[in-house]
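# Tertiary structure, described
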Amino acid sequence: MPAEPSAPAETLLDVRNLSVSFRSEKGVIRIIEDISFSVGAREILSIVGESGSGKSITSLAVMRLITDPNAIIEGSIIYKGRDLLKLDPREMRDLRGRDIAMIFQDPMTAMTPVYTIGWQIEEQIRAHQKLSRRAARARAVELLGEMGIPAPARAATRYPHQLSGGMRQRAMIAMALSCNPSLLIADEPTTALDVTVQAQILELIQRLRRDFGSSVILITHDMGVVGTISDRVMVMYAGTVVERGPKPMVLAQPSHPYTLGLLRSIPPMHGERPFRLPSIPGSPPAPTARPAGCPFQPRCDFRFEPCGNRPPLFRHGAQEVACFLAADHLPDWDHERAIRAPGAAA
Amino acid sequence: MSGTRPTMLHAASVTKRFRVGSRFRTGGVQIVHALTDVSLDVFPGETVGLVGESGCGKSTLGRCLLRLYSIDDGRIAFQGKDITNLSQRELRPLRAEMQMVFQDPYSSLNPRRRVGDLIAEPLRVHGKRSEADVQNRLRELMELVNLSPDFLQRFPHEFSGGQRQRIGIARAIAMSPRLVVADEPVSALDVSVQAQIVNLFMDLQQKLGLTYVFIAHDLSVVRQIATRTAVMYLGGIVEIGDTDTVLHSPAHPYTAALISAVPEPDPHGNIRARTILRGEPPSPTNPPSGCRFHTRCPIAQERCGVEVPVLRPLDPGRRVACHFPLQSGEVAGHG
């Protein structure tokens with residue numbers, strides 16, 4: 001498969017034909033269905049999706065953190081020329097934390113409650129670098145300061161539960177950055193935070209790319225967050241990629257009915273208030289009950305005959321769309337609405 | 001406050017404190033000043049949005065308004081009747097008229113009971129209805145919240161988040177209340193489902209003439225649903241007025257900062273274009289002197305640290321608690 005049209009020249013991470021399934025009593029459940037994507041050097045890629053879309057499992061697969069013995073992971077995850085899926089656990093452990101770091105939605109579960117923040121960052125530094133305890137502590141305090149934590153030396157002596165949510169998230173980012181990773185995977189890093197704190201954390205992630213030259217995979221359900229800091233967007237639905245492209249294009253001209261619906265269902269902060277919010281009927285399917293053909297088809301206003309088959313990713317310039325409406329050109333929604341879904345006309 | 005229009009709910013100078021900790025633990029007993037001198041009138045048929053960040057007291061206020069919490073000071077009247085000091089038993093007949101919808105549809109429904117029984121519970125507790133009557137009402141309610149009557153026999157775990165929230169709403173409106181306090185009813189839902197539930201709230205209001213107090217941290221949801229909006233910070237209302245006025249030309253610096261922080265799906269969005277509020281809200285156990293926002297306020301002056309600003313009328317339909325309210329247009333540069 002040739003590289004994506006929109007991917008930057010220098011590729012850091014290249015995920016090819018990744019599938020993740022779990023064996024269960026009810027047979028094999030497919031969570032991720034054959035997805036490919038890449039992340040360029042110094043790029044912020046947002047992966048957007050709702051619950052059950054497989055966005056978090058994708059990131060866990062990249063980190064090789066799926067430890068369930070019933071998991072079946074297929075495909076390849078090429079990072080700097082090496083296939084992560086073929087590394088032995090020791091090599092992977094060496095890479096994890098040093099080269100690829102991850103931050104989670106809830107820092108409380110990602111940190112141990114029984115050691116201080118400073119101790120935890122220190123340990124992470126010493127696991128990957130030959131530094132004395134004292135030097136590692138100094139570096140930890142320095143990092144906490146860089147993350148905008150007031151009185152960092154004092155904060156380093158605190159336990160996770162003694163810090164506020166925003167401060168904990170900063171401490172976790174400090175820990176993730178302690179070894180200058182080339183790739184940071186941030187899984188819903190601001191979902192549990194208030195908007196004013198969210199803005200600060202997003203600014204921090206942006207700075208990371210600027211100051212450290214890191215690439216970022218930002219996993220979120222929030223199109224607002226996507227609009228604020230990403231370069232490229234990949235929209236996932238039911239374990240597949242439904243749309244991908246540079247952020248300005250995807251947000252200005254969403255070309256998959258799901259992306260369109262997602263954007264339209266956000267109440268606007270400016271301009272006319274719609275009498276009714278355009279909403280997508282139903283809810284995202286559970287992995288055990290995914291429909292045949294196009295996974296979005298049961299909720300789609302624009303459903304037509306070909307949708308019984310699974311659409312490939314059609315390419316138009318830098319934008320890719322998995323919808324038969326986009327087979328020849330990007331869909332013109334006013335036109336499509338007029339001919340296919342007269343009832344849905346707003 | 002003009003008292004000519006009859007209020008659905010009238011809250012005057014409500015103060016609520018919580019004791020946390022224990023004298024046997026380090027730190028000892030501390031007092032959380034959850035609400036300080038909060039006054040709010042809710043008029044029939046309107047939707048008042050309560051917004052603010054976590055810990056600002058919006059949920060506490062919601063619960064105090066329904067007297068789910070007792071209050072330490074102030075007065076609350078529901079439809080002209082003083083309910084400040086009523087006992088829970090005395091409140092019970094009034095409960096049919098004021099209901100609450102909770103954030104988490106996963107934990108607010110008993111997993112061991114069938115949906116039909118869950119929704120029927122208020123009908124059986126309050127009314128002297130016959131069983132046939134209860135069953136009719138159940139069907140009616142399911143239709144109102146767009147769920148199939150077949151679902152009545154199922155258990156909560158068989159439903160998606162959006163459906164569970166519909167069940168929670170059906171339960172709240174079962175007794176035909178006049179007032180519904182909804183505490184973050186859509187924040188736990190997927191975005192595509194959120195819009196459905198917001199629409200449902202608006203439909204029900206129209207059909208049943210409900211009055212809402214809608215608590216949310218998401219400004220765009222509040223903008224969609226609320227006729228008036230109250231912005232809270234650290235236990236007090238800092239600005240209240242018509243939603244359009246408050247959100248389009250905020251007068252309080254905190255309102256302005258909050259609006260600026262809302263991320264929008266803007267194709268050319270950029271974090272640097274925002275005014276970012278520094279720091280985090282101070283602890284409500286030890287609120288700052290004077291204006292409680294002065295420690296983070298970009299335009300704070302000496303007076304702000306000393307003198308508590310009162311909520312005063314700024315222009316028709318809006319009141320603000322700030323010594324130096326912003327003039328309209330001052331927060332341009334956003335959007």
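Scroll up to find the structure.
What follows deals with the side chain of Lys 247 of chain A. Relative to the elements of secondary structure, Lys 247 of chain A occurs in helix α10 (residues 247–252). No salt bridge is formed by the buried Lys 247 of chain A. Its closest oppositely charged neighbour is Asp 231 of chain A, at 6.9 Å. If we ignore the near neighbours within four places in the chain, the residues touching Lys 247 of chain A are Val 226, Gly 227, Ser 230, Asp 231, Arg 232 and Val 233 of chain A together with Asp 266, Pro 267, His 268 and Gly 269 of chain B.

Moving on to the layout of surface pockets. Of the volumes computed, that of the second largest pocket is approximately 750 Å³. Around the second largest pocket sit 27 residues that line it, and Gln 162, Ser 164 and Gly 165 of chain A together with Glu 280 and Ser 283 of chain B are the ones nearest its centre. The biggest single contributor to the lining of the second largest pocket is helix α7 (residues 165–177) of chain A, with 3 residues. Looking at the lining of the second largest pocket, its residues break down into 8 nonpolar, 13 polar and 6 charged.

Residue and element names in this part refer to chain A. With respect to topology, 8 strands assemble into an open sheet ordered β6-β7-β8-β3-β9-β10-β12-β11, the strand pairing being mixed. For this open sheet the edge positions go to β6 (100–103) and β11 (314–316), each flanked by a neighbour on one side alone. Strand-to-strand twist of the sheet, defined as the mean angle between neighbouring strand axes without regard to direction, takes the value 20°. In this fold α7 packs onto β6 and β7 (183–187), with an angle of close to 170° to the strand it touches most, β6.

The subject of this paragraph is the packing of aromatic side chains. One pass over the structure, following the stated rule, counts 13 aromatic pairs over all chains. Their ring planes at 45° and their centres at 4.9 Å tell us that Phe 302 of chain A and Trp 333 of chain A sit as a pair that is tilted. Here Phe 302 of chain A, found in the loop between α11 (257–264) and β11, pairs with Trp 333 of chain A, found in helix α12 (residues 333–340); they are 31 residues apart in sequence, far enough to count as distant. Using a relative accessible area of 4% as the deciding quantity, one classes Phe 302 of chain A as buried. With 5.5 Å between their ring centres and 90° between their planes, Phe 201 of chain B and Phe 214 of chain B make a pair best called edge-to-face.

Moving on to the interface of chain A and chain B. With 51 residues of chain A in contact, the opposing surface of chain B contributes 46 residues. Counting the surface lost from both chain A and chain B, the interface buries some 4100 Å², and carbon and sulfur atoms represent 53% of this. If you sort the residues of chain A by the area they bury against chain B, Thr 196, Met 269 and Arg 273 of chain A come out on top, with a joint share of 19%. Between Asp 203 of chain B and Arg 276 of chain A there is a salt bridge whose closest N-O contact spans 2.7 Å. Taken together, chain A and chain B are joined by 21 residue pairs in polar contact (both at pLDDT 80 or more).

Calculation rules
- Residues numbered from 1 in each chain as written.
- Chains lettered and ligands numbered in written order.
- Predicted model: local features only at pLDDT ≥ 70, side-chain atom pairs only at ≥ 80, totals over all residues.
- Heavy atoms only, no water.
- Helix = DSSP H or I, 4+ residues; strand = E, 2+ residues; numbered from the N terminus.
- Buried < 20%, exposed > 50% of the residue type's maximum accessible area, 1.4 Å probe, protein only.
- Lys, Arg positive; Asp, Glu negative; His and termini not counted.
- Salt bridge = Lys/Arg side-chain N within 4 Å of Asp/Glu carboxyl O.
- Contact = heavy atoms within 4.5 Å.
- 1 Å grid on protein atoms, 1.4 Å probe; cavity = no way out; pocket = protein on both sides within 12 Å on 5 of 7 lines; lining within 4 Å.
- Points joined across faces, edges and corners; volume = space filled by probe spheres on them.
- Nonpolar A, V, L, I, M, F, W, Y, C, P; charged D, E, K, R; others polar.
- Pairing = 2+ DSSP bridges.
- Axes fitted to C-alpha atoms, helices over the stretch in contact; angles between N-to-C directions.
- Phe/Tyr/Trp six-rings, centres within 6.5 Å; stacked < 30°, edge-to-face > 60°.
- Buried area = accessible area lost by both parts, 1.4 Å probe.
- Polar contact = N/O pair within 3.5 Å; in protein donor to acceptor, adjacent residues only side chain to side chain.

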